[in-house]
Amino acid sequence: MAQEHTVKAFDEDITRLRGLIAEMGGLAEVSIGESMDALVKGNMDLAKDVIARDKRIDALEAEVDKLAVRIIALRAPMADDLREVIAALKIAGVVERIGDYAKNIAKSTNKITDRRKFEPLTLIPAMAELASEMVHDVLTAYAARDSELAADIVSRDDKVDAFYESIFRNLVSHMMENPATISSAAQLLFVARNIERIGDHATNVAEMVYYAATGKYLTDRS
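Parameters and conventions
- Residues numbered from 1 in each chain as written.
- Predicted model: local features only at pLDDT ≥ 70, side-chain atom pairs only at ≥ 80, totals over all residues.
- Heavy atoms only, no water.
- Helix = DSSP H or I, 4+ residues; strand = E, 2+ residues; numbered from the N terminus.
- Buried < 20%, exposed > 50% of the residue type's maximum accessible area, 1.4 Å probe, protein only.
- Areas by Shrake-Rupley, 256 points an atom, 1.4 Å probe, with all protein chains shown as cover.
- Lys, Arg positive; Asp, Glu negative; His and termini not counted.
- Charge placed at Lys NZ, Arg CZ, Asp CG, Glu CD.
- 1 Å grid on protein atoms, 1.4 Å probe; cavity = no way out; pocket = protein on both sides within 12 Å on 5 of 7 lines; lining within 4 Å.
- Points joined across faces, edges and corners; volume = space filled by probe spheres on them.
- Polar contact = N/O pair within 3.5 Å; in protein donor to acceptor, adjacent residues only side chain to side chain.
- Salt bridge = Lys/Arg side-chain N within 4 Å of Asp/Glu carboxyl O.

(A) Broad picture of the overall build of the chain. Looking only at helices and strands, the chain has six helices and zero strands in total. Taken along the three principal axes of its C-alpha coordinates, the chain extends 75 × 40 × 20 Å. The proportion of buried residues among the 222 residues of the chain is 46%. Surface accessibility of the chain: about 11,300 Å² in total, with carbon and sulfur atoms responsible for 54%. Taken as two groups, the 28 positive and 37 negative side-chain charges of the chain have centres that lie 4 Å from each other.

(B) Focus on the layout of surface pockets. In this structure, the largest pocket spans a volume of roughly 170 Å³. Along the walls of the largest pocket sit Arg 83, Ile 86, Ala 87, Lys 90, Glu 207, Met 208, Tyr 211 and Tyr 217, which together make up its complete lining. Broken down by secondary-structure element, the contributors of at least two residues to the lining of the largest pocket are α3 (79-107) and α6 (182-214). With four residues, the single largest contributor to the lining of the largest pocket is α3.

(C) Quick peek at the side chain of Ser 108. For Ser 108, the location among the structural elements is in the loop between α3 and α4 (124-144). Here the side chain of Ser 108 touches Gln 187 through a polar contact of 3.0 Å, side chain to side chain.

(D) Representation of the pattern of salt bridges. Within the structure shown, the criterion is met by 16 salt bridges. Of the charged contacts, one joins Glu 84 and Arg 18 as a salt bridge, the two residues approaching to 2.8 Å between their closest N and O atoms. Of this pair, Glu 84 sits in helix α3 while Arg 18 sits in helix α1 (residues 2-41), and the two are 66 residues apart along the sequence. Residue classification places Glu 84 among the buried positions, given a relative accessible area of 7%. Residues Glu 63 and Arg 56 are paired through a salt bridge, measuring 4.0 Å at the closest nitrogen-oxygen approach. For Glu 63, a relative accessible area of 27% gives the class partly exposed. Owing to a relative accessible area of 37%, Arg 56 belongs among the partly exposed residues under this scheme.

Below, the structure written as structure tokens:
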């Protein structure tokens, strides 16, 4: 009976752990979308919402840390169960960084001028949509322990990187042709770099999900 109680308590803890990460991920996903809306429209109120939300994401990560440590200390999980808890700890840290990148984008909102004339600004949201889809799908893969979806997400990172290279070249050309836009173009380079990092971090989570589900590492993609 005691063993049954311990197993039930462990399952409840794991369910709570997964719920916290799902909440973190959902907030981070919203922040990516809203940071892009704020940037494109120059909406500082929306930017402030993204910045404020980051504190909630940070608080959730702290909850994950405390719960994971408690599970390890009290439940002494073995093998697959321990792998699950360690993966949750790592994933929470990565999702927190994704939230930070969205916050960085939001902070660039008031640093872009001449929005209506600034054509490169139209390129960034498409890249952000790719990265945001990766974040959304990796959370789905985590919740479902879907190793195949995790592997697919890893394969998409090349598309985000290619988008970044294209935007980088476009912005450099724009700065050379229109010196007055150098400040705004530099900010957009910073934004594009943050989006590229979101894609990288979604890939990192996908690799952890794959390992947690299968016990194996994805082969080197290079």
